[in-house]
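# Observations on the three-dimensional arrangement
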Amino acid sequence: MKLIFLGPPGAGKGTIADLAVEALCLPHISTGDLFRAAVKDGTPLGLKVKGIMASGGLVPDELTIELVKERLTRRDVEKGWILDGFPRTVPQAEALEGIAGVDKVVNFDVADAIVVDRLAGRRVCRACGKIYHVKNMPPKKEGVCDVDGGELYTRDDDKEAAIKVRLETYRRQTAPLIEWYGKKGTLLTIDGVGAPAEVLGRFEKAIRK
Ligand code: AMP
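The notes below deal with the structure included here. Fair warning: this is a prediction, and the values are worked out from it, not measured in the lab.

### Some points on the pattern of salt bridges
- Taken as a whole and assessed by the stated rule, the structure comprises 14 salt bridges.
- Here Arg74 and Glu70 are joined by a salt bridge, their closest N and O atoms 3.4 Å apart.
- For the salt bridge of Lys184 with Glu97, the shortest nitrogen-to-oxygen distance reads 3.0 Å. Note that Lys184 is positioned in helix H8 (residues 176-184) and Glu97 in helix H5 (residues 90-99), a separation of 87 residues in sequence.
- Lys184 sits in the partly exposed class, given a relative accessible area of 43%.
- Residues joined in a network through salt bridges with shared partners are Arg122, Arg155, Asp157, Asp158 and Arg166.

Below is the structure:
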């Protein structure tokens, strides 16, 4: 099954994808994670995108499409994938059509106020990438990952100024994809508000239909 997770930053796409991959046995492909890994490793791509990401803007389409094209040639994608955070623009969606078919596009519907609270409280493990929230999903010990004891940090783009830019960018460049995929008949919109297990349940019900 080939799935796209669509929705504003902080809609819970990464959290639900992490939970869903176990049930569906599909790789979770997050362009944000791929870019963050490039930044962490200091690759030429990482150096190009570091500033753009920190400010909350979008990486140019050509670089992003190239990255996804390469990722979708690996062997683990044979049975499908969950694409999280791609496409984010209409040109990216058009390019994806030339690379692979898509079964369902899952749109996580979450109001702006909730998104801001989720992003500002999000903490991520520096070692394994596991996502926490200071109130909604706290680690057992403050600032420390439950899985591997890694340090939890706040992403640069989860700081207030960048959150504002990301939401504006989402509205202007990514939200039009809801209508775009709606016309193609592959869109499923689910309520993204609530505990991760609740949202996962809605997602599983929706894709079984
Ligand atoms: P995310 O983890 O999905 O919130 O992505 C973090 C950042 O990576 C975004 O704010 C962008 O700067 C960049 N990024 C991730 N996916 C894309 C994409 N499909 N197109 C352009 N930039 C992206």
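This is not the end of the story, as more comes after the structure.
### A short note on the packing of aromatic side chains
- Going through the model one piece at a time under the given rule, you end up with 3 aromatic pairs.
- Judged by centre distance (5.3 Å) and plane angle (75°), the ring pair of Phe5 and Phe203 falls under edge-to-face. Placement of Phe5 in strand S1 (residues 2-6) and of Phe203 in helix H9 (residues 196-208) is noted, with a sequence separation of 198 residues between them.
- With centroids separated by 5.0 Å and ring planes inclined at 85°, the aromatic side chains of Trp180 and Tyr181 adopt a geometry described as edge-to-face.

The rules behind each value
Residues numbered from 1 in each chain as written. Predicted model: local features only at pLDDT ≥ 70, side-chain atom pairs only at ≥ 80, totals over all residues. Heavy atoms only, no water. Salt bridge = Lys/Arg side-chain N within 4 Å of Asp/Glu carboxyl O. Helix = DSSP H or I, 4+ residues; strand = E, 2+ residues; numbered from the N terminus. Buried < 20%, exposed > 50% of the residue type's maximum accessible area, 1.4 Å probe, protein only. Phe/Tyr/Trp six-rings, centres within 6.5 Å; stacked < 30°, edge-to-face > 60°.

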